[in-house]
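Each chain, written out:
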Amino acid sequence: MNEKDFAPLTAACVRALNDKLYEKRKGAALEIERQVREYVATNNREEITRVLQVLGGKDFSTSQNPNGRKGGLIGMAATAIALGKESSLYVREMVKPTLACFYDQDGRVRYYACEALYNIVKVARGSVLPLFNDIFDGLSKLAADPDQNVKNGSELLDRLVKDIVTESSSFDLVSFMPLLRDRIYVRNAFARQFLVSWISTLDAVPDIEMIVFLPEILDGLFNILGDENDEIRKMCEACLGEFLQGIHKERSKADFAAMANVLVMHSQSKDPLIQHTALLWLKDFLQLSGRVILPYASGIITAVLPCLAYDASRKNTLEVAKIVNSNMISLIAAEADAGAQSAEQKVHSTGGKDEVKEGTKSETESAATKVATRTGKVQGVSDDLLLDVGAVVRVLMKYLSHEAIATREASLRWIYHLLQKTPEKMFCFVDDFFPLLMKTLSDPSDEVVLLDLEVLTEVSSNPAGNNITLNYEEMGLPSQAKVTKPTGLSAYFVKFMVILLDSFNKDKQLLEDRGSFIIRQLCLMLNAEAIYRSFSEILLHENDLRFACHMVQTLNIILLTSTELFDLRNLLKDLKNEESCSLFCCLYHTWCHSPVATVSLCFLTQNYEHASNVLLLFGDVEVTVEFLAEIDKLVQLIESPIFTYLRLQLLDPQLNQSLITSLYALLMLLPQGDAFRTLRHRLECVPSFQYQVEKKTISGTKSKKTTKSIDFKKLLEIFRDTQEKHRMSKKTTRRKETARQLKIDKV
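Residues numbered from 1 in each chain as written. Predicted model: local features only at pLDDT ≥ 70, side-chain atom pairs only at ≥ 80, totals over all residues. Heavy atoms only, no water.

## Examining the state of the cysteines
In the structure shown here, the tally under the stated rule is 0 disulfides. The closest cysteine sulfur to the non-disulfide-bonded Cys-586 is located on Cys-585, 8.8 Å from its own sulfur. (Disulfide = S-S within 2.5 Å.)

Written as structure tokens, this is what we have:
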């Protein structure tokens, strides 16, 4: 290039700018500064523009020669200093070439570029803000520069730019956010530190509403919170803390819904600090925003329930999780279902405009009900309907099999709460979660099983359960079967009883380990009479006679020994009304599966004459070790407090001949062991004389009983028929076993 191409710079000045010695380049820069001052004094903008074009052109700032680039940068800085206040007119011409050198491969060039831009910004001040995004982008790169000198220079420039932004009232945050949103996911530790410092700075400026844009960068901040560098983690934690305080002060500006999903995601993080911080935010969001968070309930529950199993090492997170879980539960209001019902009524009141088109279903169904069927949501009714019950139920079903007991317990409490507060919606999904509730009865934890029974009790007693149609064939019962639905309980109670007995049949270990506990608790939570009547009616149709016998024996022992069934025993003991007589007959039909249980039921109800008649039929019953063991248990029960009244009635032999005959019949059946000796000693205590007293009977004897409605002859026939079925069943079983053994022997 000739001298005209560098004009107004002289050839000597150009050579000096390209020199490898710093002193010569500095001298040339001073010459340029003097020259530009003269142009400013004469208002010669054309020459100033020409100087900037030369310095920012291919022979300097974009030159192939690194010394030329350095010279161009030092000349650019000198020009900015000379321009002073006039520099605002040439900001773009100075900043753009200088920023281009931020990406130079030579570390010294990057350093000079940083130094030059510092001088430009220092002079131009707020005039550089229109180019803030470009400057920020360059600074974010230099923050991670491998050259320490460059990093030091960039930090000085960074502080200067922050001061300018803080002082400015015209900072364009809207234009800056896309760049910040893009850079927030950078992996370099130094770049992350740079970003967090800028976010904290902007948040501290009163005129800048960072809270409004927080949803755009919140995810990135939580990612940075997981950095391996402790200093960056603390820095980011402090930044998030400041934001949370700001949200408390200006909740109206916070978009809780937009941030909720981010918090839900990070509250499931494996990083303890990220998880704890996200849960803290959720805790405050629930307090500040209320039902706005309900659409994210399933995600929050997904994150919180596993935390409830944390030990002392994660105590802080555990406590926060408990609060979040409690606050979430409190958001579910009782009027949710009422809202759904009002929506349905509204649809009908509009003349059916929102109903399903004619012909699509045999029965007209409102649109509101149709939507609620599988989603559990009805739009435009109530804030509670923002809750996606279906999604929540799926999460709770997943956690019913979680390894931690506390999590399983929390899942059951959630299901119980939802059944109470939103029963109509919950019963849309009852067929989905009910099998899992039944499976949970086998849980090793007693507390979990107890909670599970409470949930099953709520399902059985909730009026919403009356909407189901019982299909006995699907439940494995004959179509003509009839199981009484007790007053105050739902139709689902019957289904529960059928499935529970089926579970006991399929899982014998469940019956042995938990059968008594489950039945006793259900009698306590529901209605003992209803449970025993239902079991009895269902077992009448049981094809597995061996299971029916075993089940009757279990129910009989519970009936005779459990404190939870005290009222039921008293009801059966007196048989004073039609209700008690009806219950006795119902139980008797099923108790016939077990001869000894039948006798004990007769003893309990003080039907001693019938008991003696039944015992006389024992001669046709196959005497096995199991059979003798049952008689042994009955003798022990006779000696227990349950049958105190029976033993006292032995004091009046004349009025209780049938009782004495029954006891002697039992004695004759027993081998001469401990039970035989116990019963014999008891019978030896029976007085051989008759008391000379007025004509009155001991309370509870047969003369005071109202049993006219009971056909004992028919009951005896039922006993014979049932025992015949058992004999035939055992005969068939032996035949099959013999055939199988013969087949094995042939092989």
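Next comes the rest of the description.
## A few points about the nonpolar core
Among the nonpolar cores identified, the biggest contains 240 residues, and Trp-281, Tyr-532 and Phe-603 are the most heavily contacted of them. Per-element tally for this core: the top contributor is helix α12 (residues 210–225), with 10 residues. Excluding its chain neighbours within four sequence positions, the residues that come into contact with Phe-603 are Tyr-608, Ala-611, Leu-634, Ile-638, Phe-643, Tyr-645, Leu-646, Leu-659, Ser-662, Leu-663 and Leu-666. (Core = buried A, V, L, I, M, F, W, Y, C linked by side-chain atoms within 4.5 Å. Buried < 20%, exposed > 50% of the residue type's maximum accessible area, 1.4 Å probe, protein only. Helix = DSSP H or I, 4+ residues; strand = E, 2+ residues; numbered from the N terminus. Contact = heavy atoms within 4.5 Å.)

## Description of the packing of helix α35 (residues 657–669) against helix α36 (residues 674–684)
Their axes nearest at 9 Å, the elements α35 and α36 cross at an angle of 150 degrees. What the angle tells us is that α35 and α36 run roughly antiparallel. Where α35 crosses over α36, the handedness of that crossing is left-handed. Side by side, α35 and α36 meet where Leu-663, Tyr-664, Leu-666 and Leu-667 of the first sit next to Phe-676, Leu-679, Arg-680 and Leu-683 of the second. Classifying every residue of the contact of α35 with α36 gives 7 nonpolar, no polar and 1 charged. (Axes fitted to C-alpha atoms, helices over the stretch in contact; angles between N-to-C directions. Parallel < 35°, antiparallel > 145°, perpendicular 65-115°, else oblique. Left-handed = near helix turned anticlockwise from the far one by under 90°. Nonpolar A, V, L, I, M, F, W, Y, C, P; charged D, E, K, R; others polar.)

## Description of unusual backbone geometry
Its identity as a non-glycine residue notwithstanding, Asn-43 has a phi of 55 degrees, on the positive side. Within the secondary structure layout, Asn-43 lies in the loop between α3 (22–41) and α4 (45–55). You can call Asn-43 exposed: its relative accessible area is 52%. Residue Gln-606 is not a glycine yet carries a positive backbone phi of 65 degrees. By the element assignment, Gln-606 lies in the loop between α31 (595–604) and α32 (608–616).

## Description of the pattern of salt bridges
Scanning all chains against the criterion turns up 31 salt bridges. We note a salt bridge from Arg-720 to Glu-717, for which the minimum N-O separation is 2.6 Å. Within this pair, Arg-720 and its partner Glu-717 are both found in helix α37 (residues 712–746), separated by 3 residues, close to a single helical turn. You can call Arg-720 partly exposed: its relative accessible area is 35%. By relative accessible area, Glu-717 is classed as partly exposed at 40%. Beyond isolated ion pairs, a larger network of salt bridges with shared partners links Glu-31, Arg-34 and Glu-38. (Salt bridge = Lys/Arg side-chain N within 4 Å of Asp/Glu carboxyl O.)

## Observations concerning the packing of α12 against helix α13 (residues 230–249)
The N-to-C vectors of α12 and α13 enclose an angle of 155 degrees; their axes lie 11 Å apart at closest approach. Classed by the angle they form, the pair α12 and α13 counts as roughly antiparallel. With respect to the hand of their crossing, α12 and α13 are arranged in left-handed fashion. Contacts between α12 and α13 involve Met-210, Ile-211, Leu-214, Leu-218, Leu-221, Phe-222, Ile-224 and Leu-225 from the first element and Ile-232, Arg-233, Cys-236, Glu-237, Leu-240, Phe-243, Gly-246 and Ile-247 from the second. Residues of the contact of α12 with α13, tallied by class, amount to 13 nonpolar, 1 polar and 2 charged.

## Quick look at the environment of Val-292
Considering the arrangement of structural elements, one finds Val-292 in the loop between α15 (272–289) and α16 (297–307). A relative accessible area of 37% means that Val-292 is categorised as partly exposed. Each C-alpha atom, one on Val-292 and one on Leu-387, is 9.7 Å from the other, the two residues being 95 residues apart in sequence.

## Thoughts on the environment of Val-392
Looking at where Val-392 falls in the secondary structure, it is placed in helix α20 (residues 389–399). You can call Val-392 buried: its relative accessible area is 1%. For Val-392 and Leu-418, which are 26 residues apart along the polypeptide, the C-alpha to C-alpha distance reads 9.7 Å. Filtering out sequence-adjacent residues up to four positions away, Val-392 remains in contact with Ala-297, Ser-298, Ile-301, Leu-387 and Leu-418.

## What to know about the environment of Ile-332
The topology assignment puts Ile-332 in the loop between α17 (315–331) and α18 (335–349). Placed 90 residues apart in sequence, Ile-332 and Thr-422 show a C-alpha to C-alpha distance of 8.1 Å.

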